[in-house]
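A look at the structure
Chain by chain, the residues run as shown.
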Amino acid sequence: MEEMLKITGIRKSFDGTEVLRGVDLTVCRGEVVSIIGPSGSGKTTLLRCANFLERADAGTMVFDGKTYDLAHARTKEINDLRRCTGFVFQNYNLFRNKTALQNVTEGLVTARKVPKAEAEQTARAALARVGMENRADAYPSQLSGGQQQRVAIARAIAFEPEILYFDEPTSALDPELTGEVLAVMRDLANDGMTMVVVTHEMGFARSVSSRVVFMENGVEVEQAPAREFFENPKQERTRAFLRLVQGE
C-alpha cells in the first residue's frame, strides 16, 4: 500500500508533563487507523499535533512525500498541509448563528475563495453524502447532536481532503445517536477515505479499521491489523484494557 502519512518521534509536553513520548505512526492511503487507549494516553494530542492544532516539541512528519518539522514548520507549510486534511472535532464546532448549509459553505468561500454558488452546490452534495440534505436550512439548535456531527463531517469532506482526522466523534453523543454518525464514517471508509480515528467505540475499531493502535502514558503499547489486534493481542496491558472496555 502507498504510504501517505508517517510521523516519527513526536513529543509533546504540557506544564512539564510529557504527554507524547516519542510516538511513531504510519498511515497508508485508503487505510482506516483507529487509535484507542485510556483517557490521558495522548491520543487526542497526537491527532492535534499531526494537523498543527497543537505545536509538537519534537518530531517529523512526512505527508504525501513532503517532510515537515513538527516543532518548527512555517505558517505557509501548515496552511498548505491543511488544504489536504480534514478534522472532525468532538464537540462539532459549528457556528450557532449559521444554518447547516452556511456552516459547510463558510470555509469554502472564505478560505478557498470558491464562488458562493459553486460553494453551495458543493455543500449540498456533502450534506447529501451524510444524509443531511433535508436539514440544510436548519440551525444547530434545531438539530440533534448526531445531526450536528454529521454536518461537521460534511463540512470536512466538502474540502475533498486526502485524509480525515476524527477526535472521538461520538463521545458527546447519547448512545442512540452514536449509530448514525458511525454509519456515515463506515460509508466514508467503504468509499476509500483515508481516516485516523481516535475512538472509544470498540465495535467500530474492530469492524471498520484496517489497523488499531493502542496507546497509554504517551507511548504506543501495541498496534496490529484490527482482527489480529482484537483476537490475539500480544501485550498483557492490551489484553487487560480490552477486557475492561468489552466488559469481560
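Coordinates for the structure precede this section.
Structure report, in brief. (Residues numbered from 1 in each chain as written. Predicted model: local features only at pLDDT ≥ 70, side-chain atom pairs only at ≥ 80, totals over all residues. Heavy atoms only, no water.)

1. Regarding the packing of helix α3 (residues 100-110) against helix α4 (residues 116-129)
Packing of α3 against α4 brings their axes to within 9 Å, and their N-to-C directions diverge by 125°. As summarised for this structure, α3 and α4 are arranged oblique, according to the angle between their axes. The chirality of how α3 crosses α4 is right-handed. Contacts between α3 and α4 pair Ala100, Leu101, Val104, Thr105, Leu108 and Val109 from the former with Lys116, Ala119, Glu120, Thr122, Ala123, Arg124 and Leu127 from the latter. Its residues assigned to classes, the contact of α3 with α4 shows eight nonpolar, two polar and three charged. (Axes fitted to C-alpha atoms, helices over the stretch in contact; angles between N-to-C directions. Helix = DSSP H or I, 4+ residues; strand = E, 2+ residues; numbered from the N terminus. Parallel < 35°, antiparallel > 145°, perpendicular 65-115°, else oblique. Left-handed = near helix turned anticlockwise from the far one by under 90°. Contact = heavy atoms within 4.5 Å. Nonpolar A, V, L, I, M, F, W, Y, C, P; charged D, E, K, R; others polar.)

2. A word on the state of the cysteines
For the coordinates displayed, the defined rule picks out zero disulfides. Left unpaired, Cys49 is separated from the closest cysteine sulfur, that of Cys84, by 19 Å. Looking at Cys49, the relative accessible area reads 1%, which means it is buried. (Disulfide = S-S within 2.5 Å. Buried < 20%, exposed > 50% of the residue type's maximum accessible area, 1.4 Å probe, protein only.)

3. A few points about the side chain of Arg150
On the secondary structure map, Arg150 appears in helix α5 (residues 145-157). If near-sequence neighbours (up to four positions away) are discounted, Arg150 is found in contact with Val130, Gly131, Met132, Glu180, Val181 and Val184.

4. Observations concerning helix α2 (residues 75-82)
Within the sequence span of α2, burial applies to Glu77, Ile78 and Leu81. Buried positions in α2, seen along its axis, are confined to an arc of 100° and lie on one side of it. Facing away from the buried surface of α2 by more than 90 degrees, the exposed residues are Thr75 and Lys76. Against α1 (43-50), β4 (58-63), β5 (66-69) and β6 (85-88) lie the buried residues of α2. (Arc of directions from axis to C-beta.)

5. Side note on the pattern of salt bridges
For the structure on display, the rule yields 15 salt bridges. In this structure, Arg150 engages Glu180 in a salt bridge whose closest nitrogen and oxygen atoms are separated by 3.1 Å. Separated by 30 residues along the polypeptide, Arg150 in helix α5 and Glu180 in helix α6 (residues 175-190) bring together distant segments of the chain. Overall, Glu180 belongs to the partly exposed group, its relative accessible area being 24%. Arg239 is the partner of Glu236 in a salt bridge, and the nearest nitrogen-oxygen pair spans 3.1 Å. Taken together, the positions of Glu236 and Arg239, both in helix α9 (residues 236-245) and three residues apart, correspond to about one turn of that helix. Judged by its relative accessible area of 42%, Glu236 is partly exposed. (Salt bridge = Lys/Arg side-chain N within 4 Å of Asp/Glu carboxyl O.)

6. Things to note about the sheet that holds strand β2 (residues 17-28)
Strand order in the open sheet formed by four strands is β2-β1-β4-β5, and the pairing between neighbours is antiparallel. Bordering the open sheet on either side are β2 and β5, each of which pairs with just one other strand. Put simply, the sheet's adjacent strands are angled 15° from each other on average, direction ignored. α1 rests against β1 (3-14), β2 and β4 of the sheet, and its axis sits at about 120° to β1. (Pairing = 2+ DSSP bridges.)

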